[in-house]
Protein chains: 2
Amino acid sequence: MAEKVRIAVDAMGGDYAPGEIVKGAVEAVSERDRIEVVLVGIQEQVEKELAKYTYPKGRIQVVHAPEVIATEEPPVMAIRKKKNSSIVVAMNMVKNGEADAVVSAGSSGAILVGGQLIVGRIKGVERPPLAPLIPTSKGVSLLIDCGANVDARPSHLLQFAKMGSIYMENVIGKKNPTVAIVNIGAEEEKGNALVKDTFPLLKNCPDIHFIGSIEAREIPNGYADVIVCEAFVGNVILKLYEGVGSMFKNMLMQGLMSTVRAKIGALLVKPAVKKTLKSFDASEYGGAPLLGLRGLVVKTHGSSKAKEVKNSIIQCITFKEQQINEKIKKNLIQDEG
Amino acid sequence: MAEKVRIAVDAMGGDYAPGEIVKGAVEAVSERDRIEVVLVGIQEQVEKELAKYTYPKGRIQVVHAPEVIATEEPPVMAIRKKKNSSIVVAMNMVKNGEADAVVSAGSSGAILVGGQLIVGRIKGVERPPLAPLIPTSKGVSLLIDCGANVDARPSHLLQFAKMGSIYMENVIGKKNPTVAIVNIGAEEEKGNALVKDTFPLLKNCPDIHFIGSIEAREIPNGYADVIVCEAFVGNVILKLYEGVGSMFKNMLMQGLMSTVRAKIGALLVKPAVKKTLKSFDASEYGGAPLLGLRGLVVKTHGSSKAKEVKNSIIQCITFKEQQINEKIKKNLIQDEG
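Remember, it's a predicted structure, so these values are computed and weren't measured experimentally. (Residues numbered from 1 in each chain as written. Chains lettered and ligands numbered in written order. Predicted model: local features only at pLDDT ≥ 70, side-chain atom pairs only at ≥ 80, totals over all residues. Heavy atoms only, no water.)

1. What about the sheet that holds strand β11 (residues 296–299) of chain A?
Residues and elements named next belong to chain A.
Argument step 1. The strand order across the open sheet formed by six strands is β3-β2-β1-β4-β11-β10, and the pairing between neighbours is mixed. Since the sheet does not close on itself, it has two edges, and those belong to β3 (60–64) and β10 (288–290), each with one partner. This sheet shows a mean twist of 25° between the axes of neighbouring strands, independent of strand direction.
Argument step 2. Along the sheet face, helix α4 (residues 86–95) touches β1 (5–10), β2 (35–41), β3, β4 (101–104) and β11 and points at about 145° away from the line of β2.
Argument step 3. In the packing of helix α5 (residues 108–119) onto the sheet, the strands contacted are β4, β10 and β11, and the crossing angle to β11 comes to about 175°. (Pairing = 2+ DSSP bridges. Helix = DSSP H or I, 4+ residues; strand = E, 2+ residues; numbered from the N terminus. Axes fitted to C-alpha atoms, helices over the stretch in contact; angles between N-to-C directions. Contact = heavy atoms within 4.5 Å.)

2. Looking at the interface of chain A and chain B
Argument step 1. At the interface, 52 residues of chain A touch 52 residues of chain B.
Argument step 2. Between chain A and chain B the total buried area reaches about 4800 Å² when both faces are included, carbon and sulfur atoms providing 77% of it.
Argument step 3. Per-residue buried area on chain A facing chain B is highest for Phe 232, Leu 240 and Phe 248 of chain A; these three make up 15% of the total on that side.
Argument step 4. In this assembly, chain A and chain B are joined by four salt bridges.
Argument step 5. Residue Arg 217 of chain B is joined to Glu 242 of chain A by a salt bridge in which the shortest nitrogen-to-oxygen separation is 3.1 Å.
Argument step 6. There are ten residue pairs in polar contact (both at pLDDT 80 or more) connecting chain A and chain B.
Argument step 7. Contributing elements (two or more residues each) for the side of chain A that touches chain B: β7 (178–183), α7 (193–203), α8 (231–256) and α9 (260–279) of chain A.
Argument step 8. Broken down by element, the residue count for the side of chain A that touches chain B peaks at 19 residues, all from α8 of chain A.
Argument step 9. Residues of the side of chain A that touches chain B, tallied by class, amount to 31 nonpolar, 14 polar and seven charged. (Buried area = accessible area lost by both parts, 1.4 Å probe. Salt bridge = Lys/Arg side-chain N within 4 Å of Asp/Glu carboxyl O. Polar contact = N/O pair within 3.5 Å; in protein donor to acceptor, adjacent residues only side chain to side chain. Nonpolar A, V, L, I, M, F, W, Y, C, P; charged D, E, K, R; others polar.)

3. Focus: the packing of aromatic side chains
Argument step 1. Summed over all chains, the structure comprises five aromatic pairs over all chains.
Argument step 2. Centroid distance Phe 199 of chain B to Phe 210 of chain B: 5.2 Å. Interplanar angle 80°. Geometry classified as edge-to-face. One end of the pair, Phe 199 of chain B, is in helix α7 (residues 193–203); the other, Phe 210 of chain B, is in strand β8 (residues 209–215), with eleven residues separating them in the sequence. Of the two residues, Phe 199 of chain B and Phe 210 of chain B, both sit in the buried class.
Argument step 3. Just above the ring of Tyr 16 of chain A sits the side chain of Lys 305 of chain A; from NZ or CZ to the centre is 4.6 Å. (Phe/Tyr/Trp six-rings, centres within 6.5 Å; stacked < 30°, edge-to-face > 60°. Buried < 20%, exposed > 50% of the residue type's maximum accessible area, 1.4 Å probe, protein only. Lys NZ or Arg CZ within 6 Å of the ring centre and 35° of its normal.)

4. Side note on the relation of the copies chain A and chain B
Argument step 1. With an RMSD of 0.0 Å, the fit of chain A onto chain B corresponds to turning through 180° and sliding 0.0 Å along the axis. Taken together, the turn and the small shift mark the pair as related by a two-fold rotation axis. Of every C-alpha in chain A, the one belonging to Gly 265 of chain A sits nearest the axis of rotation, 2.0 Å from it.
Argument step 2. In this assembly, 100% of the residues forming the interface of chain A have copies in chain B that are likewise at the interface, indicating an isologous arrangement. (Least-squares fit on C-alpha atoms with pLDDT ≥ 70 in both.)

5. Brief notes about the packing of helix α4 (residues 86–95) of chain B against helix α5 (residues 108–119) of chain B
Residue and element names in this part refer to chain B.
Argument step 1. One way to put it is that α4 packs onto α5 with a least axis distance of 10 Å and a crossing angle of 35°. α5 is crossed by α4, and the crossing has right-handed handedness. Residue-level inspection shows Ile 87, Val 88, Met 91, Asn 92, Val 94 and Lys 95 of α4 in contact with α5, the latter providing Ala 110, Ile 111, Gly 114, Gly 115, Ile 118 and Val 119.
Argument step 2. Of the residues assigned to the contact of α4 with α5, the class counts are eight nonpolar, three polar and one charged. (Left-handed = near helix turned anticlockwise from the far one by under 90°.)

6. Notes on a positive patch on the surface
Residue and element names in this part refer to chain A.
Argument step 1. Residues Arg 80, Lys 83, Lys 95, Arg 121, Arg 294 and Lys 329 make up a contiguous surface patch of positive charge.
Argument step 2. For Lys 329, the position within the fold is in helix α11 (residues 324–336).
Argument step 3. Taking the relative accessible area as the measure of exposure, Lys 329 reaches 37% and is therefore partly exposed. (Patch = residues over 30% accessible without salt bridge, like charges linked within 9 Å, V, L, I, M, F, W, Y side chains within 5 Å. Areas by Shrake-Rupley, 256 points an atom, 1.4 Å probe, with all protein chains shown as cover. Lys, Arg positive; Asp, Glu negative; His and termini not counted. Charge placed at Lys NZ, Arg CZ, Asp CG, Glu CD.)

7. Digging into the pattern of salt bridges
All names here are of chain A.
Argument step 1. Enumeration over the complete set of coordinates arrives at 17 salt bridges over all chains.
Argument step 2. Across the pair Lys 310 and Glu 31 runs a salt bridge, and its minimum N-O distance is 3.1 Å. With Lys 310 in helix α10 (residues 306–321) and Glu 31 in helix α1 (residues 19–31), this residue pair connects regions lying 279 residues apart in the sequence.
Argument step 3. Its relative accessible area of 44% is what places Glu 31 among the partly exposed residues.

8. Considerations on the packing of α1 of chain A against helix α2 (residues 43–50) of chain A
All names here are of chain A.
Argument step 1. At a closest axis distance of 9 Å, the pairing of α1 and α2 adopts a crossing angle of 55°. When the axes of α1 and α2 are compared, the pair comes out oblique. Crossing of α1 against α2: the hand is right-handed. Touching Gly 19, Val 22 and Val 26 of α1 are Val 46, Glu 49 and Leu 50, all from α2. (Parallel < 35°, antiparallel > 145°, perpendicular 65-115°, else oblique.)

9. Re the environment of Arg 217 of chain B
Argument step 1. Mapped onto the elements, Arg 217 of chain B comes out in the loop between β8 and β9 (226–228).
Argument step 2. On the accessibility criterion, Arg 217 of chain B (29% relative accessible area) is partly exposed.
Argument step 3. Once the C-alpha coordinates of Arg 217 of chain B and Gly 287 of chain B are considered, the two residues, 70 residues apart in sequence, prove to be 24 Å apart.
Argument step 4. Excluding anything up to four places from it in sequence, Arg 217 of chain B contacts Lys 239, Leu 240, Glu 242 and Gly 243 of chain A.

10. Focus on the sheet that holds β9 of chain B
All names here are of chain B.
Argument step 1. Read across the sheet, five strands follow the order β5-β6-β9-β7-β8 without closing on themselves; strand pairing throughout is mixed. Lying at the two open borders of the sheet, with one neighbouring strand each, are β5 (133–136) and β8. Strand-to-strand twist of the sheet, defined as the mean angle between neighbouring strand axes without regard to direction, takes the value 30°.
Argument step 2. In the sheet, strand β7 (residues 178–183) pairs with β9 via three bridges, with the strands oriented parallel. Each bridged residue has a counterpart across the sheet, and for Val 179 the counterpart in β9 is Val 226.
Argument step 3. Of the strands in this sheet, β5, β6 (139–144), β7 and β9 touch helix α6 (residues 154–170), which is tilted by about 150° from β6.
Argument step 4. With respect to the sheet, helix α8 (residues 231–256) is in contact with β5, β6 and β7, its orientation differing from that of β5 by roughly 50°.

11. A look at unusual backbone geometry
Argument step 1. Cis geometry is adopted by the peptide bond preceding Pro 18 of chain A, which originates at Ala 17 of chain A and carries an omega value of -5°.
Argument step 2. As for its position among the elements, Pro 18 of chain A is in the loop between β1 and α1.
Argument step 3. For the bond from Ile 144 of chain A to Asp 145 of chain A, the omega torsion is 20°, close enough to zero to count as cis.
Argument step 4. With respect to the helices and strands, the residue Asp 145 of chain A is situated in the loop between β6 (139–144) and α6 (154–170).
Argument step 5. Although it is not a glycine, Asn 176 of chain B sits at a positive phi angle of roughly 45°.
Argument step 6. Structurally, the position occupied by Asn 176 of chain B is in the loop between α6 and β7.
Argument step 7. Of the residues examined, Asn 176 of chain B reaches a relative accessible area of 49% and is grouped as partly exposed.

Next comes the structure, spelled out in structure tokens:
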């Protein structure tokens, strides 16, 4: 029988915690045999939620963590001071080998800082990038880095490209994934200093399938599987994606409700449009991994409901099964040798 | 009677040149009395297009420019070598006081370089930013800078904020426009080095109505009137806006055509949806000005058709009438004094 995957889930992080987090954990263990979940949070609250469900008792455990890190808290301070917070306790379980992965919908800053300070980097990894999947008209692309390291250097971006390729190939199942760097023109000589310096490193790297620059306009078309960029730019892309998408949906709804004729038509088009818009939703794939750590840290959206939490937990199976961290280690050691 | 505004239009630039460019010029002079257009391009081609229309003959002149700068040409070289190209000839007319403004749908690079090298900067302006309007759910916002100057410094961004405010207030008519800087979090301490260094300059500037950081997610909501950012980030925002918008439209169309039921509904919702999507279209306002030059240079989209060309030409009236360049000069001298 295959090995169990043990996942520490931050039961207190996110807009719908602990209710939706606990529900997602119950759904994950019910759906997959190999998962064991440790719900980390305020015991009384977590157990009250758990009591609502029937589930294989042996596979969900509750670990008490009386403190909670709020989204607006300065992350470095919060991680250092709140030793009994759900994020810190969950990350310590990974550090101590008591869990394989952490899943949290809590403060992004605290997750990024905790990942580096508590879980720690794989030897050779300069900076661990946050790598969410974004929906495209062809499926999904990995956007790396999206918030972990502003003002990155070319060598960081090269590592992002390698780690992203390993993830995309082994977790998402995209064979020989294409890699492109976000740029303001298609030509090699275009770009800012960082892009110009990074371009030759990517071009000469034998481990990746580099296809050159990608203009932001081409991102939604699924032009590349792994989209490399500095964290500030990545964060802008990720947030704008959400922003433009939701403005568009709102405007469409307004249009559909604006006349009697449109309202009648809306009833007819609703199922088809709903199905279309659903395909523009990357949450099916789980959350965003923070790559290059000695353990897996997955950040799910702050507004995650049970489905996203469940998918983020299930994603950890493939990550462990495919030995992503071992592959990252091997890749980096090979380069140094 | 108010003064005439004389506009040199690059008849050869853009995907639909010279046909749609000439058509747009004819529509502009037909719609507004105060405009005189000089169509700069290959005389024979331009006159052949002009012959299709009836228009006030005295108000459109053709100036022969036998060379054309292609989009893929390295811009600095192209501007230096092709002295008889439509862009260079048109810009020289502004430089020599023979025209008030240039409108071009041609190579962005050549327009940016030509603007700086031929038309020249207003004394005191460190870098002239390209400032397109982007559609929001509240109307439009000015995104400044979008491609003129990568790797900008904080003092450049401060000037962008001031010039953008003057433009937004006087050309678009937004009183006391709000200014925000693109950032990866709402808090003052967030951001990369450039944003952190620029933030206090904007905060302490008495000439603008600074409201702090703007996350990319909030841009489509019209959270700020003037959105300040470094050109690389601005270019990513602009292009992604277009990319996500057009992916969304395509997916919606696919959804509407996917079932018989949806197809029938689509006929009913079409007028309302079309009207809604039309409001998500900034081309009504004209093209993107390159601010801070001794004359006006307006870059319209490469895919511009007659309507956008016409609006870009008409936009030049307000720019001149409101004495934008005089206001920019005054604002910068006041600061130095």
